[in-house]
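Tertiary structure, described
Each chain is listed here by its residues.
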Amino acid sequence: MSTLKIKDVVIGEGASKIIVPLVGKTEAEILTEAEMVKSLKPDVVEWRVDIYEKVEDLEAVTALIAKLREVFADELLLFTFRSHKEGGNKEISDAFYVELNQTAIRTKNIDLVDVELFNDEENVNTLVATAKENGVYVIMSNHDFFKTPSKEEIISRLCKMQEYGADIPKIAVMPTNVADVITLLDATNTMKTEHADRPLITMSMGGTGVISRLAGEVFGSAFTFGAGKEASAPGQIPVEELRTVLNILHKSL
């Protein structure tokens, strides 16, 4: 598994890098939250644009991206519209999903864009191509809030993301028991050692899966998500606590 360097952040090396989401609804809430999140010194800031009240106004989205870029001049900025079917806050058409993400990419004010695996193949290819043309890196993602697929299926989905040209494949699954968490961690380790030629992100959600958010460096997950003002998914840990544990693990390896 090779590393990836974006600006000054080397992904896939050392302790798992921390992503903190912005989950405000209004521009004022988002910008206030941004100042607080900046103080936490995250490696990546994720704008969850599906929560933004004006997400369907492309001019408003573009303007707010520019303002966030000013706040996060040094941090990596990840643009994410999480679809309703994968746990997001709003339903939009496939056509608008593509238009929204292309608009964000073409501002060149973001460093990474989230593209969901389970979209129309042509749309996925279009977004990956647009990102590459504009120097934006792709985190390709899949989320299952109800169950944990088999080890083989987890690996299959991550490999499919690589085939699409994702810079960083990502999968998040929900455990129903401890065995499900072990399945996710085993799949991550196998993906890292046998299939991956780039960094990846995996996690088991909820309280049962919290170990996966802490031990990524051990098993092969290059990123973990920490809660800023509030969590964007079940099981996220406050950033300060998360960083402490990540540093302890890193020093022990």
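Conventions we followed
- Residues numbered from 1 in each chain as written.
- Predicted model: local features only at pLDDT ≥ 70, side-chain atom pairs only at ≥ 80, totals over all residues.
- Heavy atoms only, no water.
- Pairing = 2+ DSSP bridges.
- Helix = DSSP H or I, 4+ residues; strand = E, 2+ residues; numbered from the N terminus.
- Contact = heavy atoms within 4.5 Å.
- Axes fitted to C-alpha atoms, helices over the stretch in contact; angles between N-to-C directions.
- Phe/Tyr/Trp six-rings, centres within 6.5 Å; stacked < 30°, edge-to-face > 60°.
- Buried < 20%, exposed > 50% of the residue type's maximum accessible area, 1.4 Å probe, protein only.
- Lys NZ or Arg CZ within 6 Å of the ring centre and 35° of its normal.
- Right-handed = clockwise from strand over helix to strand, strands pointing away.
- Polar contact = N/O pair within 3.5 Å; in protein donor to acceptor, adjacent residues only side chain to side chain.

An order of β9-β8-β7-β6-β5-β4-β3-β10-β11 is seen for the nine strands of this open sheet, with the pairing classed as parallel. Of all the strands in the sheet, just β9 (201-204) and β11 (237-238) have a single pairing partner and so form its edges. As defined by bridge partners, strand β3 (residues 17-22) adjoins strand β10 (residues 223-227) across three bridges and the pair is classed as parallel. Bridge assignment links K17 to a residue of β10, and that residue is F223. Running over the sheet, helix α5 (residues 151-164) touches β7 (137-144), β8 (168-173) and β9 and is turned about 150° from β8. Sheet strands touched by helix α6 (residues 178-195): β8 and β9. Its angle to β9, the strand with the most contacts, is close to 170°.

Before going further, it helps to examine the packing of aromatic side chains. Aromatic rings in a pair are described by how distant their centres are and how their planes are angled relative to each other. Here the structure, examined in full by the defined rule, presents three aromatic pairs. Ring centres of W47 and Y52 lie 5.4 Å apart, and the angle between their planes is 55°; on these two criteria the pair is classed as tilted. Overall, W47 belongs to the buried group, its relative accessible area being 2%. Exposure remark for Y52: the relative accessible area of 3% places this residue in the buried category. Ring plane angle 80° and centroid distance 5.9 Å describe the contact between W47 and F79, whose orientation is recorded as edge-to-face. Pair noted here: W47 is in strand β4 (residues 44-48) and F79 is in strand β5 (residues 76-80), with a separation of 32 residues, a long-range link. The exposure classification of W47 matches that of F79, with both residues buried. What links up through ring pairs into an aromatic cluster is the set W47, Y52 and F79. Its guanidinium or amino end placed over the ring of Y164, K160 lies 5.0 Å from that ring's centre, counting from NZ or CZ.

For the rest of this paragraph, the subject is the pairing of β4. With five of five residues buried, β4 lies mostly within the body of the structure. Side-chain alternation along β4 places V44, E46 and R48 on one buried face and V45 and W47 on a second face that is also buried. The pairing of β3 with β4 spans four bridges and is classified as parallel. Note on β4: the bridge partner recorded for I19 is V44. In this view, the connection linking β3 to its parallel neighbour β4 by way of helix α1 (residues 27-39) has right-handed handedness.

As for its placement among the helices and strands, E33 is situated in helix α1. What makes E33 buried here is its relative accessible area of 3%. In this structure the side chain of E33 is engaged in a polar contact, spanning 2.9 Å, whose partner is the backbone nitrogen of G24. Look past the residues within four positions of E33 in its chain and what remains in contact with it is P21, L22, V23, G24 and K229.

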